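Secondary and tertiary structure notes
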Amino acid sequence: EPEVTQTPSHQVTQMGQEVILRCVPISNHLYFYWYRQILGQKVEFLVSFYNNEISEKSEIFDDQFSVERPDGSNFTLKIRSTKLEDSAMYFCASSSGDRDQPQHFGDGTRLSIL
Amino acid sequence: RKEVEQDPGPFNVPEGATVAFNCTYSNSASQSFFWYRQDCRKEPKLLMSVYSSGNEDGRFTAQLNRASQYISLLIRDSKLSDSATYLCVVPQNTGFQKLVFGTGTRLLVSP
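The following refers to the structure shown.

Calculation notes
Residues numbered from 1 in each chain as written. Chains lettered and ligands numbered in written order. Predicted model: local features only at pLDDT ≥ 70, side-chain atom pairs only at ≥ 80, totals over all residues. Heavy atoms only, no water. Helix = DSSP H or I, 4+ residues; strand = E, 2+ residues; numbered from the N terminus. Buried < 20%, exposed > 50% of the residue type's maximum accessible area, 1.4 Å probe, protein only. Contact = heavy atoms within 4.5 Å. Areas by Shrake-Rupley, 256 points an atom, 1.4 Å probe, with all protein chains shown as cover. Lys, Arg positive; Asp, Glu negative; His and termini not counted. Charge placed at Lys NZ, Arg CZ, Asp CG, Glu CD. Buried area = accessible area lost by both parts, 1.4 Å probe. Salt bridge = Lys/Arg side-chain N within 4 Å of Asp/Glu carboxyl O. Polar contact = N/O pair within 3.5 Å; in protein donor to acceptor, adjacent residues only side chain to side chain. 1 Å grid on protein atoms, 1.4 Å probe; cavity = no way out; pocket = protein on both sides within 12 Å on 5 of 7 lines; lining within 4 Å. Points joined across faces, edges and corners; volume = space filled by probe spheres on them. Nonpolar A, V, L, I, M, F, W, Y, C, P; charged D, E, K, R; others polar. Pairing = 2+ DSSP bridges. Axes fitted to C-alpha atoms, helices over the stretch in contact; angles between N-to-C directions. Disulfide = S-S within 2.5 Å.

**Some points on the overall build of chain A**
Along the backbone of chain A there are zero helices and eleven strands. Traced from its N-terminal end to its C-terminal end, chain A shows the element sequence β-β-β-β-β-β-β-β-β-β-β. By its C-alpha atoms, chain A is 40 × 25 × 25 Å across when sized along the principal axes. Looking at chain A as a whole, 46% of its 114 residues are labelled buried. Within chain A, contacts between residues separated by at least 24 positions form 53% of all contacts whose residues are at least 6 apart in sequence. Summed over all atoms, the accessible surface of chain A reaches about 5,700 Å², with 43% contributed by carbon and sulfur. A gap of 4 Å separates the mean positions of the 10 positive and 16 negative side-chain charges of chain A.

**Comments concerning the interface of chain B and chain A**
Interface extent is often summarised as the accessible area lost during association of the parts. Facing the 20 residues of chain B at the interface are 23 residues of chain A. The contact between chain B and chain A buries some 2,000 Å² in all, and 56% of this surface belongs to carbon and sulfur atoms. Scanning the region where chain B abuts chain A turns up zero salt bridges. Between chain B and chain A we count three residue pairs in polar contact (both at pLDDT 80 or more) in total. It is strand β4 (residues 33-38) of chain B that provides the largest number of residues to the side of chain B that touches chain A, a total of three residues.

**Some details on the layout of surface pockets**
Considered as a void within the structure, the largest pocket measures approximately 590 Å³ in volume. Lining the largest pocket are 28 residues, and of these Gln37(A), Gly40(A), Gln38(B), Cys40(B) and Arg41(B) lie nearest its centre. When residues of the lining of the largest pocket are traced back to their parent elements, those giving at least two are β9 (88-95) and β11 (109-113) of chain A together with β9 (84-91) and β11 (105-110) of chain B. The leading source of residues in the lining of the largest pocket is β11(B), at four residues. Of the residues belonging to the lining of the largest pocket, the class tally is eleven nonpolar, eleven polar and six charged. A volume near 290 Å³ is recorded for the second largest pocket. Glu3(A), His104(A), Phe105(A), Glu43(B) and Lys45(B) are the residues nearest the centre of the second largest pocket, which is lined by 15 residues in total. Within the residue set of the lining of the second largest pocket, elements represented by two or more residues are β10 (104-105) of chain A together with β5 (45-50) of chain B. For the lining of the second largest pocket, the residue count by class is seven nonpolar, three polar and five charged.

**Observations regarding the sheet that holds strand β8 (residues 75-79) of chain A**
Residues and elements named next belong to chain A. What the four strands build is an open sheet, ordered β1-β3-β8-β7; its pairing is antiparallel. Strand pairing shows two members of the sheet lacking a second neighbour, β1 (5-7) and β7 (65-68), which therefore form its edges. Sheet twist, expressed as the mean angle between neighbouring strand axes with direction ignored, is 20 degrees. Where β1 meets strand β3 (residues 19-24), three bridges bridge the pair, whose relative direction is antiparallel. The partner of Thr5 across the bridge, within β3, is Val24.

**Things to note about the state of the cysteines**
Any covalent bond linking the sulfur atoms of two cysteines counts as a disulfide. Per the counting criterion, the structure on display carries two disulfides over all chains. Between the sulfur atoms of Cys23(A) and its disulfide mate Cys92(A) the distance is 1.9 Å. Because the sign of the S-S torsion sets the handedness, a value of about -65 degrees for the bond joining Cys23(A) and Cys92(A) places this disulfide among the left-handed ones. Of this pair, Cys23(A) sits in strand β3 while Cys92(A) sits in strand β9, placing them 69 residues apart in sequence. Given the relative accessible area of 0%, Cys92(A) is considered buried. Disulfide pairing is shown between Cys23(B) and Cys88(B); the S-S distance is 2.0 Å.

Spelled out as structure tokens, the structure:
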């Protein structure tokens, strides 16, 4: 069964450093998403991406965050200057986009900011 | 009302028991709903989709009450492996299907 893959599984970074989280969505999917989950809290939407542009973003997704699909397969989330409160699990998801079709999640990147 | 609201639990049940979780949602325009399962520090995994009044898959039954804006998940004959957090998920009624998650209901099945 096709799956969404994410790398790295765990990233430890000093506060103020840039991080890039990588995702390879399911190959025939057209819609891509990033979510985050702070330890002990619920999963929160960050951003959706379609046709090489952001389609929707949450208030969490401020100017420090960016996404791109540089080569037609990878989908990346960049945080320019990390803060302690960016520590969380980051999940990538993709879907075919057909109405009512579920999103499939990668196994996440645990980001720890020191 | 919160966008998606669930009782956090935990629900402690013995093996073989039947357990039910409820979830309420605020957006009356929502058309489809999902139950995801999340194991500790793992990704959400789709358990069931709910489009009309309900859906059944083996030991799992999901029901939708649009008038009262709640969704339920019933698990029959609980197994130890059912221990997890069950997430009620409601897509926003936009073209790109942003998902809104509940906080989840934790289930612990004991021998």
